[in-house]
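# Structure assessment
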Amino acid sequence: MKKIITGLLLAGSFLANAAEPEFTAKQLQQVTELRTNASNSELSYQLLESLTTEIGPRLPGTENDKKAVAWAQAKFKELGFDKVWLEEATFPEWRRFSESGKILTPSEQPLHLTALGHSVSTPKDGITAEVVLFETLDELIAAPANSLKGKIAYINYHMNRHIDGNGYGPAVRARSTGSVEAAKKGAIGYMMRSVSTAHHRFAHTGGSHYQEGVTKIPNVTIANPDADQLARLVALGKNVTVNINVQTEDRGQGNGYNVIGQFNGTQNPEQYVLIGGHLDSWDLGTGALDDGAGVALTMAAAKHISEIKRPKRSIRVVLFAAEELGLWGAKAYFKKHANELDKIVAAAESDFGADVVYGFESNVSAASLPVVRAIAKQLAPLNVEYIGKNSANGGPDLIPFKNATSAPIFELHQDGTDYFDYHHTADDTLDKIDPAKLKQNTAAYAVFAFMAADAKTTIKAKPVASK
């Protein structure tokens, strides 16, 4: 009987412990204070205004990119971060110098275009050729061999508008490899409709790739109104010829830096929550939405946390280098820290503009879900809905971490309905930022990061699947 009673007492003790909340009443009071402070603070907007005004566009390897690194270091120190340091990243450096285009026949009219990242130059006078229209990349791939000899291939694929930006992936296929497929068919140039939902006359740039053994041809996108004009002319059965003139340069290996700031944890400082964005931008606008907002709001979120309480675990803000040219800063970070990814208790990147956060999703072990739900409850006052699928993808710079399934990934889903009106265009400027929405983003990241860092239970990644 004594053994039975002892067993019941032990079982009761275990159940009581299991029922203990992840956060005390005092911690939840601190969360409320943090949420209120961040929601009312101008700090994230002030940081974003400073970055986009004092530095401007930040193409990797340029003088402005170097100035942005110095700016970030200085701001981290000014905000009182305990540790600030640089980690080197290398990347293929590229420059855009000039670009222009025009329709020549059936009548002369301007063509608003921009070179895609890594595009080779045209001759000094440009290239002039007949346009052959395809609706999709697959249609271009299916074209007969040599059918585009001496011509310019043009893909007219329309990107759809959606809150989660799900039209971007299908549209960007043509941006990534369209010039390769066109060259295989004999084309001397490649154009595509901008990967954009906009109606304005700004062309969208972005990364593109060549393939060894395939001739490199000039590679451009055209603004959507111009794309519509071109499509109408082709539909009328007109012989449409255009001139494209882009002057660019491949500059070989470039060097940049991930800029990192950390507030140290009080109990387990070696463990940390990773938040951040990418410091670089394309050269057409000032990179306010992509990704100045992510830089500013995560820096501000960490600062707001430090003003309330230093959590048990560290808060680390990583501003990744050369994301636009191929995630080079993220790859460098992953390589450098590959043997210690288990120290990351939560990772989230803000790289989708600055519209409101509407959803919160995790990609963590099942045992960590009670902590996730507790965080979600505190995000609800910010009108953030819990998405319980537990399959978050995270931002682009977290792709190496997610592929390794070695870190707990989170996603604070932002409304992307209008994001691709401005993304990678000259229209990505500070005036597109709504300060109130930026505050809501900052508060959401602050609540998430603080609670993940201060939880009783350490959040864990999903187990690595056996092969």
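Given the structure is predicted, the values throughout are model-derived calculations rather than measurements.

### Some thoughts on helix 4 (residues 63-78)
Along its 16 residues, helix 4 runs 22 Å from first to last C-alpha, staying within 8% of the 22 Å computed at 1.5 Å per residue. For helix 4, the full list of buried residues reads Asp65, Ala68, Val69, Trp71, Ala72, Lys75 and Phe76. Along the axis of helix 4, the buried residues cluster in a sector spanning 165 degrees; they form a single face. Exposed side chains of helix 4 directed beyond 90 degrees from the buried face belong to Glu63, Lys77 and Glu78. Buried positions along helix 4 lie against helix 3 (43-55), strand 1 (83-105), strand 8 (241-263), helix 8 (288-308) and strand 10 (313-320).

### Quick notes on the nonpolar core
Ranked by internal contacts, the top residues of the largest apolar core, which has 94 residues, are Val273, Phe360 and Phe448. Apart from the residues within four sequence positions on either side, Phe448 is in contact with Val273, Ile275, Ala346, Ala348, Phe360, Ile375, Leu379, Phe410 and Leu412. By size, the runner-up hydrophobic cluster in this structure holds 27 residues, among which are Ile103, Val220, Trp282 and Ala322.

### Quick word on the packing of helix 3 against helix 12 (residues 435-454)
At a minimum axis separation of 8 Å, helix 3 and helix 12 run at an interaxial angle of 115 degrees. Our classification of the angle between helix 3 and helix 12 gives roughly perpendicular. The two elements helix 3 and helix 12 cross, and the hand of that crossing is right-handed. On helix 12, the residues that touch Ser44, Tyr45 and Leu48 of helix 3 are Pro435, Leu438 and Thr442. Partitioning the contact of helix 3 with helix 12 into residue classes produces four nonpolar, two polar and no charged.

### Overview of unusual backbone geometry
It is generally the case that most residues other than glycine have a negative phi and that most peptide bonds are trans. For the bond from Thr105 to Pro106, the omega torsion is 15 degrees, close enough to zero to count as cis. Within the element layout of this structure, Pro106 appears in the loop between strand 1 and strand 2 (109-110). With a phi close to 55 degrees, Asn390 is a non-glycine residue in the positive phi region. Within the secondary structure layout, Asn390 lies in the loop between strand 13 (385-387) and helix 11 (399-404).

### Considering the pairing of strand 12 (residues 357-363)
Strand 12 sits mainly inside the fold: six of its seven residues count as buried. One ladder, built from six bridges, connects strand 12 with strand 14 (residues 409-414); its direction is antiparallel. Looking across to strand 14, one finds that Ser362 is bridged to Phe410.

### Considerations on the pairing of strand 7 (residues 219-222)
Burial along strand 7 is two-sided: Asn219 and Thr221 facing one way and Val220 and Ile222 facing the other are all buried. The sheet contact formed by strand 3 (residues 113-115) and strand 7 spans three bridges and is antiparallel. Following the sheet pairing, Thr114 is matched in strand 7 by Thr221.

### Points about the packing of aromatic side chains
Within this structure, the stated rule accounts for 14 aromatic pairs. Plain terms: the ring middles of Tyr168 and Phe420 are 4.8 Å apart, the flat faces sit at 20 degrees to each other, and that makes the pair stacked. With Tyr168 in helix 6 (residues 168-184) and Phe420 in the loop between strand 14 and helix 12, this pair connects stretches of sequence that are 252 residues apart. Taking 5.0 Å as the distance between ring centres and 70 degrees as the angle between the ring planes, the aromatic pair formed by Tyr419 and Phe420 counts as edge-to-face. Its relative accessible area of 4% is what places Phe420 among the buried residues. Sitting above the plane of the Tyr272 ring, Arg316 keeps its charged end 3.8 Å from the centroid.

### Points about helix 2 (residues 25-40)
Helical geometry note: an α-helix holds 3.6 residues per turn, so side chains three or four residues apart project in the same direction. The terminal C-alpha atoms of helix 2 lie 23 Å apart, and with 16 residues this matches the ideal 22 Å at 1.5 Å per residue to within 8%. Gln27, Gln30, Val31, Leu34, Arg35 and Ala38 are the residues of helix 2 that are buried. Buried residues of helix 2 fall within an arc of 140 degrees about the axis and therefore sit on the same side. Opposite its buried face, helix 2 presents the exposed residues Ala25, Lys26, Gln29 and Asn40, each directed more than 90 degrees away. The inward-facing, buried residues of helix 2 abut helix 8, helix 10 (369-379) and helix 12.

Procedures and definitions
- Residues numbered from 1 in each chain as written.
- Predicted model: local features only at pLDDT ≥ 70, side-chain atom pairs only at ≥ 80, totals over all residues.
- Heavy atoms only, no water.
- Helix = DSSP H or I, 4+ residues; strand = E, 2+ residues; numbered from the N terminus.
- Expected span 1.5 Å × (residues − 1).
- Buried < 20%, exposed > 50% of the residue type's maximum accessible area, 1.4 Å probe, protein only.
- Arc of directions from axis to C-beta.
- Contact = heavy atoms within 4.5 Å.
- Core = buried A, V, L, I, M, F, W, Y, C linked by side-chain atoms within 4.5 Å.
- Axes fitted to C-alpha atoms, helices over the stretch in contact; angles between N-to-C directions.
- Parallel < 35°, antiparallel > 145°, perpendicular 65-115°, else oblique.
- Left-handed = near helix turned anticlockwise from the far one by under 90°.
- Nonpolar A, V, L, I, M, F, W, Y, C, P; charged D, E, K, R; others polar.
- Pairing = 2+ DSSP bridges.
- Phe/Tyr/Trp six-rings, centres within 6.5 Å; stacked < 30°, edge-to-face > 60°.
- Lys NZ or Arg CZ within 6 Å of the ring centre and 35° of its normal.

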